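Observations on chain architecture
Below are the chains, spelled out letter by letter.
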Amino acid sequence: MHKIYLDAAATAPPLDAARTAAAKVMDNFGNPSSLHAMGLDAEREIETARAAVARAIGGKNGEIYFTSGGTEANNMAIFGGAKIHNGARVITTAAEHPSVAEPMKEMVQRGFEVLHLELTQDGLIDPSVLAKALAVSTCLVSIHHVNNETGVAQNIAVLGKIIKDTSPRTVFHVDAVQSFCKTPIDVGAMNIDLLSLSAHKIGGLKGCGALFVREKVHIRPMFFGGGQEGNMRCGTENVPGIAALGAAAGHRIPNLQANHTHAARLKELFIGLINPLDGIEINGENASPYIINMSVDGIRPEVLLNAMSACGVYISAGAACSSNKRQRDDESAVLRAYGLSRKRAETAVRISFSPENTTEEAEIAAEIFMDCVKKLRGNKVIK
């Protein structure tokens, strides 16, 4: 049976370079806070990784703080970056990842005014809408770069310029978990103050991420203790995870454009092959080539996912972090924010590529996808 993994937006296959880097520091297991040789070696591994991440986004080494992942980085940015004063405003959208959406609910409880920008049907922010929403009281804007469910890419450079031209003191946070090392990022040119990223989305290891904090931007730490990460994220560092993140970034960045082109070919091929199917709607224009979000009329996403999994092809029903039953309504929140119907939102599946996927895999997966849809519709499984 085939084994074709098309759920890289949930987690990407670990790169050999990341595995090697992690294994190396697990053998040399010194605590980076220790002053002996093994501790200093561990500290050097962290600083090497810090430099690699900084280069990947056009930042400085001292602006990178390692975290346990994208969720922690987003929470640090929101709770640490928003300064409250007279009901200060925070601007976001209704299509954010739960690690932004849930903290925003808490922000309301803490006395902030949280404003959710309306999106176009293509999932984009209208720059004029953002400009009108900015006010003297706006302390933070938090917007994703590439949406984790649809792949829709916001024009961060344009939005960043509007924010700084209209409200220079407003802190601009970007969730770049799905764009880091996949889409070009220049934190300076894009006027980004805070940027979140995750290791396991690019072939690093789970349990590691980072937050970029612009040099002159001050945020409050969430953890207190031994002073690690410049007192921004105290606790003994995850050296294997950090080393693997640095290695993954170092591997991805030189190949960013080639990988982008390859993913675009896979996406075009897959969509072209399943085109004969009726009742298939692609959700989100201007989307990352790494992600396809589509609604399949007449079939529940979980049923289609299980059918394909039984054939050795692994896709996703919505975002992996919102896949449990308790959060079922959240799965369609992104597409609902685009103004799409509930029926279309609730029949959406996500296919996401990694650079390691091949043309042959895309062809086989498309064939299996068509077979599964035809069989399930023939059996009238859903309604």
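Remember, predicted model here, so these are calculated numbers, not experimental data.

This brings us to the overall build of the protein. Counting secondary structure elements, the protein contains 13 helices and 12 strands. In terms of C-alpha radius of gyration, the protein reaches 21 Å, essentially the compact-globule figure of 21 Å for 383 residues. Principal axes of the C-alpha set define a box for the protein whose edges measure 65 × 50 × 35 Å. For the protein, with 383 residues in total, the buried portion stands at 55%. The long-range share in the protein, meaning contacts at least 24 apart out of those at least 6 apart in sequence, stands at 73%. Of the charged side chains in the protein, 39 are positive and 40 negative, and the gap between their average positions amounts to 3 Å.

On to the sheet that holds strand β10 (residues 291-296). With respect to topology, 3 strands assemble into an open sheet ordered β9-β10-β12, the strand pairing being antiparallel. One side of each edge strand has no neighbouring strand; the edge strands of this open sheet are β9 (280-282) and β12 (348-352). Going from strand to strand, the sheet's axes swing by 30° on average, the running direction of each strand aside. Across 3 bridges, β9 lies against β10 in antiparallel orientation. From the neighbouring strand, Glu-281 faces β10, where its bridge partner is Ser-295. Sitting on the sheet, helix α8 (residues 256-274) touches β9, β10 and β12, and the angle it makes with β10 is about 20°.

Moving on, we come to the sheet that holds strand β3 (residues 89-93). By way of backbone hydrogen bonds, the strands of a sheet pair with one another, either parallel or antiparallel. Taken in spatial order, the 7 strands line up as β2-β8-β7-β6-β5-β3-β4 in an open sheet, and their pairing is mixed. If you trace the sheet from one side to the other, it starts and ends with β2 (64-67) and β4 (113-117), each paired once. The average undirected angle you get between the axes of adjacent strands in this sheet is 20°. Looking at chain direction, β2 and strand β8 (residues 209-213) are connected through 4 bridges and run antiparallel. When the bridges of β8 are listed, Phe-66 appears paired with Ala-210. Across the sheet, helix α4 (residues 98-109) is in contact with β3, β4, β5 (138-144) and β6 (171-175); its angle to β3 comes to roughly 155°.

This next bit is on the environment of Asp-16. Within the secondary structure, Asp-16 sits in helix α1 (residues 16-27). Judged by relative accessible area, Asp-16 falls into the exposed class, the value being 60%. Residues Asp-16 and Arg-377, 361 residues apart in the sequence, show an inter-C-alpha distance of 41 Å.

Before going further, it helps to examine the domain arrangement of the protein. According to the domain assignment, the protein contains domain 1 (4-12 + 256-378) and domain 2 (16-253). Computed from C-alpha coordinates alone, the two centres of domain 1 and domain 2 are separated by 27 Å. Taken together, the contact between domain 1 and domain 2 spans 32 residues of the former and 30 residues of the latter. Both faces combined, the contact of domain 1 with domain 2 buries some 2600 Å², and carbon together with sulfur accounts for 49% of it. When the buried area of domain 1 at its contact with domain 2 is split by residue, Leu-256, Val-334 and Tyr-338 rank highest and sum to 26% of it.

What follows concerns the nonpolar core. Soluble, globular proteins show a tendency: their nonpolar side chains are buried together. Judged by nonpolar contacts, the single largest core of 59 residues is most densely connected at Phe-66, Leu-130, Phe-172, Phe-180, Leu-195 and Leu-245. When residues of this core are assigned to domains, at least three fall in each of domain 1 (4-12 + 256-378) and domain 2 (16-253). When neighbours within four sequence positions are excluded, Leu-195 is seen to be in contact with Ile-57, His-173, Val-174, Ala-176, Ile-185, Val-187, Ala-210, Leu-211 and Phe-212. Listed in part, the 29 residues of the second largest apolar core include Ile-292, Val-303, Ala-366 and Phe-369.

By the secondary structure assignment, Asp-193 is in the loop between β6 and β7 (194-198). Of note is the side chain of Asp-193, whose polar atom sits 2.8 Å from the backbone nitrogen of Phe-172. Sequence-distant contacts of Asp-193, that is, excluding residues within four places in its chain, are made with Lys-164, Thr-170, Val-171, Phe-172, Phe-212, Val-213, Arg-214 and Val-217.

About the thresholds
Residues numbered from 1 in each chain as written. Predicted model: local features only at pLDDT ≥ 70, side-chain atom pairs only at ≥ 80, totals over all residues. Heavy atoms only, no water. Helix = DSSP H or I, 4+ residues; strand = E, 2+ residues; numbered from the N terminus. Rg over C-alpha atoms; globule rule 2.2 N^0.38 Å. Buried < 20%, exposed > 50% of the residue type's maximum accessible area, 1.4 Å probe, protein only. Contact = heavy atoms within 4.5 Å. Lys, Arg positive; Asp, Glu negative; His and termini not counted. Charge placed at Lys NZ, Arg CZ, Asp CG, Glu CD. Pairing = 2+ DSSP bridges. Axes fitted to C-alpha atoms, helices over the stretch in contact; angles between N-to-C directions. Domains from an automatic or database assignment. Buried area = accessible area lost by both parts, 1.4 Å probe. Core = buried A, V, L, I, M, F, W, Y, C linked by side-chain atoms within 4.5 Å. Polar contact = N/O pair within 3.5 Å; in protein donor to acceptor, adjacent residues only side chain to side chain.

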